[in-house]
Amino acid sequence: MSQTHARITASVYTSHVPAIGAAVDLGKTGTDYWAPLFKGYEFSKQWLKENKPDVIFLVYNDHATAFSLDLIPTFAIGTGEQYKPADEGWGPRPVPTVIGHPKLAAHIAQSVIQQDFDLTIVNKMDVDHGLTVPLTLMCGQPEAWPCPVIPFAVNVVQYPVPSGRRCFQLGQAIRRAIEAYDEPLNVQIWGTGGMSHQLQGPRAGLINKEFDNAFMDQIIRDPAAQAEVPHINYVREAGSEGIELVMWLIARGAMADVAGGPAPRVAHRFYHVPGSNTAIGHLILEEQ
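Here is what the cut-offs are and how they apply
- Here the residue numbering is sequential within each chain, running from 1 through the sequence in written order.
- In keeping with the predicted nature of the model, local features appear solely for residues at pLDDT of at least 70, side-chain atom pairs appear and are counted solely at 80 or more, and the whole-chain, interface and lining totals rest on all residues.
- To obtain the side-chain values, all non-hydrogen atoms of the structure were used and water was disregarded.
- The way it works is a 1 Å grid over only the protein atoms, where trapped points that fit a 1.4 Å probe form a cavity and open points with protein on both sides within 12 Å along at least five of seven lines form a pocket, and then any residue with an atom within 4 Å of a point lines it.
- Grid points are joined across faces, edges and corners, and a volume is the space filled by probe spheres set on the points.
- Classification convention: Asp, Glu, Lys, Arg as charged; Ala, Val, Leu, Ile, Met, Phe, Trp, Tyr, Cys, Pro as nonpolar; all other residues, Gly among them, as polar.
- Lines fitted to the C-alpha atoms define the axes, with helices restricted to the stretch that makes contact. Angles between their N-to-C directions range from 0 to 180 degrees.
- Secondary structure is summarised from DSSP: a helix means a run of H or I of at least four residues, a strand means a run of E of at least two, and numbering begins at the N terminus for each.
- In these notes the angle categories are as follows: under 35 degrees is roughly parallel, over 145 is roughly antiparallel, 65 to 115 is roughly perpendicular, and the rest is oblique.
- Crossings are assigned a handedness: left-handed for a near helix turned anticlockwise from the far helix by less than a right angle, right-handed for a clockwise turn.
- Here, two residues are considered to be in contact whenever any of their heavy atoms come within 4.5 Å of each other.
- Any Lys or Arg side-chain nitrogen found within 4 Å of a carboxyl oxygen on Asp or Glu counts as a salt bridge.
- Between buried and exposed lies partly exposed: a residue is buried under 20% and exposed over 50% of the maximum accessible area for its type, with that area taken using a 1.4 Å probe on protein chains only.
- In this description, a disulfide is simply a cysteine sulfur pair whose atoms lie within 2.5 Å.
- The pairing criterion for strands is at least two bridges between them, as found by DSSP.

(A) Summary view of the layout of surface pockets. Within this model, the largest pocket holds a volume of roughly 380 Å³. What lines the largest pocket is a set of 20 residues, and nearest its centre among them are His 63, His 197, Leu 199, Glu 241 and Glu 244. Residue classes in the lining of the largest pocket are distributed as eight nonpolar, ten polar and two charged.

(B) Looking closely at the packing of helix 4 (residues 102-114) against helix 6 (residues 164-179). Here helix 4 crosses helix 6 at 125 degrees, and the two axes come no closer than 9 Å. Comparing their axes, helix 6 and helix 4 come out oblique. Considering only the axes of helix 4 and helix 6, their crossing is right-handed. Packed against helix 4, whose contacting residues are His 107, Ile 108, Ser 111 and Val 112, the element helix 6 presents Leu 170, Ala 173, Ile 174, Ala 177 and Ile 178 at the interface.

(C) Layout of the pattern of salt bridges. Scanning all chains against the criterion turns up eight salt bridges. Linking Glu 183 and Lys 103 is a salt bridge whose minimum nitrogen-to-oxygen distance equals 3.1 Å. Within this pair, whereas Glu 183 is found in the loop between helix 6 and strand 8 (186-192), its partner Lys 103 is found in helix 4, the two being separated by 80 residues in sequence. Here Glu 183 falls in the partly exposed class, since its relative accessible area comes to 25%. With a shortest N-O distance of 3.0 Å, Glu 179 and Arg 175 are connected by a salt bridge.

(D) Layout of the state of the cysteines. Counted according to the given criterion, the structure contains zero disulfides. Of all cysteine sulfurs in the structure, the one in Cys 139 sits closest to Cys 147, which takes part in no disulfide; the separation is 7.4 Å.

(E) The arrangement of the side chain of Arg 175 in detail. Counting through the fold element by element, Arg 175 comes out in helix 6. Here Arg 175 falls in the buried class, since its relative accessible area comes to 12%. Setting aside chain neighbours within four positions, we find Arg 175 in contact with Ile 8, Ala 254, Met 255, Ala 256 and Glu 287.

(F) Geometry of the environment of Gly 40. For Gly 40, the location among the structural elements is in the loop between helix 2 (35-39) and helix 3 (42-50). Under the relative-accessibility criterion, Gly 40 is labelled buried at 6%. Through-space distance from the C-alpha of Gly 40 to that of Phe 270 is 6.0 Å; in sequence the pair is 230 residues apart.

(G) View of unusual backbone geometry. Omega for the peptide link from Tyr 159 to Pro 160 comes to 5 degrees, which places this bond in the cis form. Cis rather than trans, the peptide bond between Val 273 and Pro 274 has omega equal to -5 degrees. Considering the arrangement of structural elements, one finds Pro 274 in strand 9 (residues 265-275). Positive phi values are uncommon outside glycine, yet Asp 116 reaches one of about 80 degrees. For Asp 116, a relative accessible area of 60% corresponds to the exposed category. We note that Ser 276 has phi near 65 degrees; this positive angle belongs to a residue other than glycine. Mapped onto the elements of the fold, Ser 276 is located in the loop between strand 9 and strand 10 (278-286). According to the relative accessible area criterion, Ser 276 is partly exposed, its value standing at 31%.

(H) How the structure looks around the side chain of Thr 14. Position of Thr 14 relative to the elements: it lies in strand 1 (residues 7-14). Once residues within four sequence positions are removed from consideration, Thr 14 is found in contact with Tyr 41, Pro 134, Leu 137, Gly 191, Thr 192, Gly 193, Trp 248, Gly 281 and His 282.

(I) Summary view of the sheet that holds strand 10. Reading across from one edge, 6-3-7-2-8-1-10-9 is the order of the eight strands in this open sheet, with mixed pairing throughout. Of all strands in the sheet, those with a lone pairing partner are strand 6 (120-122) and strand 9, marking the two edges. Taking the axes of each pair of neighbouring strands and ignoring which way they run, one obtains an average angle of 20 degrees across the sheet. Relative to strand 7 (residues 149-154), strand 2 (residues 55-60) runs parallel, the two being bridged by five bridges. Looking at the pairing, Tyr 60 lines up with Ala 153 of strand 7.

Right, dumping it as structure tokens:
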């Protein structure tokens, strides 16, 4: 690949719990409850400063903010110039406006749709904690986010949701799109959501540490095998909201080893329970 083209240099994976954003916004990160969780991201903040990308392609799910049961896109790419923090019921988070990268986003949309993936094009939307909490965990509380962000929303809220295999294949298509972009951009792809949790019903509060850590092992070692795991396994083992983990497969599918390149280096791995009513998982994989 020519050095005049864009390239993916790393993938980042993290949970995106709304209470994490509230803990930061309300100055509670040093409390006994929250301090162990935020300690797991100290390395990551420094790593991002040292490995600052030109663009972040951020895979997340909207929580009935930009979309609702009236309109449910399976995959939606943000092609706008900016995205304001959403009001999720208690006012917008006091975080910077997210600056987009319309040119690269439009290129990715063109390329991926021509690779037979149907994307919804979104020129205007607000972004909720699914996108802003990962940025906060990795960046802290800056005056502005360190680089433009392309939001990529996945429906993992209302069934039917995309399969792990489809997400994994989509990640490969996104990589091909980025590598065909003729500017020498350093792009990171982030997969967010999960890990095991259930918010309602008799199993509310479910956390499965064994499943979560086995998932992280597999996403590092054999993501193609993880892509074949059916939805029912996630729901049975990781709770109704555990299905969010298929979004990690989009980011993992975009790494070089999936296309025959070298395996990525595990720069950081972290797991913590509890984070509100969920398990918190976090990985940083670097291209070699």
